[in-house]
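# Coordinate inspection notes
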Amino acid sequence: MARSLDRRSFLQHSCLLGGSLLTCGIPLDRSANAAPVRIEAPVVDEVTIQEVTDNSHDLFLRPVETPGLKVKRIGFPEAPQGKTLASEWGLALYLESRKGAESRRYLLDFGFTPDVYGNNLELLKVDPSKVDALIISHGHYDHVGGLIGFLETHRSRMRKDLRLYTGGEDNFCSRFLRNPDGSFTNFGTPFDRRKLKALDVQPVLSEAPIVVEDHAFTTGAVPRTSIEHVLPNTWVEYGVNDGIGCDTAAYVDHHFTPEELAGKPVPDQHWHEHATCFRVGDRGLVVITSCGHGGIINTLKRAQEITSIDKIYALVGGFHLAPAPSDYLAKVMAELKKFDLAHVMPMHCSGQNFIDLAKQEIPEKLVLCGTGSSFTFTA
């Protein structure tokens, strides 16, 4: 079991995949004290990120082409009469990377519903049979809700040794929205590992950074080292009930309060949320935060720390700044401007408040996003 590992000595070596489940970890201590970890970031020649699902689809967004980046937009896709791309609260991305003649294809997050996700995959002509790996950024239902339905439809056509890379056990926890009266409402059905097993999908649980199918890599758990903190979102419950939930004994290290062990819902801190990254030639890192609950500055710093690469070419994904008050947002923007980013691409939960501020502060870096848009980065 993962809890029996000596984590410090374990991290002196690479995490090795020996069976159907990989578990790697770093000591979080619920703080900024994540152990120093280094990873050899693979170098790729090209990466394309396509938004399968985002909150909206703007037919009038214009294509962009600059050295190192080409942005394509989808208007009305070629489709049967009456069918078009759909948008909903959530995020789902299709990633394709190339290194020489070698390519890899990934599905990162799966939106809120299998109906919208399946509709858009079909219209965007994404072939599930060619996908090399699945990745989820964190266990929020607007990122995993479409996964099981997608697998039930397409699993028979996909590679036999299909792996689902996650940031750890936290993804399986039950999550709730807190109502004004203090009661709780389920935030979607908790992620069910039994269905993954029935569909012959191998979960890879790694709190530590890990290379994903030779081209991509994850940040692992993101230490909280900047001015950022997790803005209000869901509440989380630890423990397993009727086979559903997250097993506190399966975590690499025990870091639970008595209230958490008793199954009391607590504000969600997303200790296992990770970012997915690529190193694109000499241009630097492309960091995909998906939701970035732990903070986009923290995430960028983590990507630099684990790779020893300071240059970050692009920040892409959800930034979870929609609920940010103006003074907090201004502080985050001030920190973001210290990075030598070429492109900032806010999606999903980033917030119109962030986009409006970015138009004022970093207009030359801002690239607008929406369902169907694709972004190709080249070395």
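Attention here is on the structure that accompanies the text. (Residues numbered from 1 in each chain as written. Predicted model: local features only at pLDDT ≥ 70, side-chain atom pairs only at ≥ 80, totals over all residues. Heavy atoms only, no water.)

## Focus on the environment of Val-222
Positionally, Val-222 belongs in the loop between strand E14 (216-218) and strand E15 (235-237). Judged by its relative accessible area of 6%, Val-222 falls in the buried class. Spatially, the C-alpha atoms of Val-222 and Glu-273 are 7.2 Å apart, while their sequence positions differ by 51 residues. With residues near it in sequence (within four places) discarded, Val-222 still touches Glu-273, Asn-298, Thr-299 and Arg-302. (Helix = DSSP H or I, 4+ residues; strand = E, 2+ residues; numbered from the N terminus. Buried < 20%, exposed > 50% of the residue type's maximum accessible area, 1.4 Å probe, protein only. Contact = heavy atoms within 4.5 Å.)

## What about the sheet that holds E15?
Sheets are built from strands that pair by backbone hydrogen bonding, the pairs being arranged parallel or antiparallel. Overall, antiparallel pairing links the four strands, which are arranged E11-E10-E15-E18 in an open sheet. Looking at the sheet topology across the chains shown, the edges are occupied by strand E11 (184-186) and strand E18 (266-267). Where E15 lies against E18, two bridges are found, and the strand directions are antiparallel. Residue pairing across strands places Trp-235 opposite Pro-267, the latter belonging to E18. (Pairing = 2+ DSSP bridges.)

## What about helix H2 (residues 114-123)?
Buried within H2 we find Val-116, Tyr-117, Asn-119, Asn-120, Leu-121 and Leu-123. Packing partners of the buried residues in H2 comprise strand E3 (46-53), strand E6 (92-99), strand E7 (102-110) and helix H4 (147-154). Of the residues one or two after H2, Lys-125 is the one with positive phi, at around 60 degrees.

## A look at the nonpolar core
Core analysis: the biggest nonpolar cluster contains 38 residues, and Leu-107, Leu-134, Leu-147, Phe-150, Leu-151, Leu-196 and Tyr-238 have the highest contact counts within it. When residues of this core are traced back to their parent elements, those giving at least two are E6, E7, H2, helix H3 (141-144) and H4. Examining the composition of this core, we find that four residues originate from one element, H4, more than from any other. Leaving out residues up to four positions away in the same chain, Leu-151 has contacts with Leu-134, Met-158, Leu-162, Leu-196, Leu-199 and Val-201. Cys-277, Leu-329, Met-333 and Ile-355 belong to the second largest nonpolar core, which has 33 residues in total. (Core = buried A, V, L, I, M, F, W, Y, C linked by side-chain atoms within 4.5 Å.)

## Digging into the pattern of salt bridges
One pass over the structure, following the stated rule, counts 19 salt bridges. The residue Arg-159 makes a salt bridge to Asp-132 at a minimum N-O spacing of 3.6 Å. With Arg-159 in the loop between H4 and strand E9 (163-166) and Asp-132 in the loop between H2 and strand E8 (133-135), the pair connects residues that are 27 residues apart, well separated along the chain. Asp-132 gets classed as buried once you look at its relative accessible area, which sits at 14%. Here Lys-337 makes a salt bridge to Glu-361, at a shortest N to O gap of 2.7 Å. One end of the pair, Lys-337, is in the loop between helix H8 (326-336) and strand E22 (343-347); the other, Glu-361, is in helix H9 (residues 352-361), and 24 residues separate them in sequence. For Lys-337, a relative accessible area of 41% corresponds to the partly exposed category. A relative accessible area of 34% means that Glu-361 is categorised as partly exposed. Residues participating in the shared-partner salt-bridge network are Asp-132, Arg-159, Asp-161, Arg-163 and Glu-213. (Salt bridge = Lys/Arg side-chain N within 4 Å of Asp/Glu carboxyl O.)

Treat this as a map of the structure, not an account of what it does.
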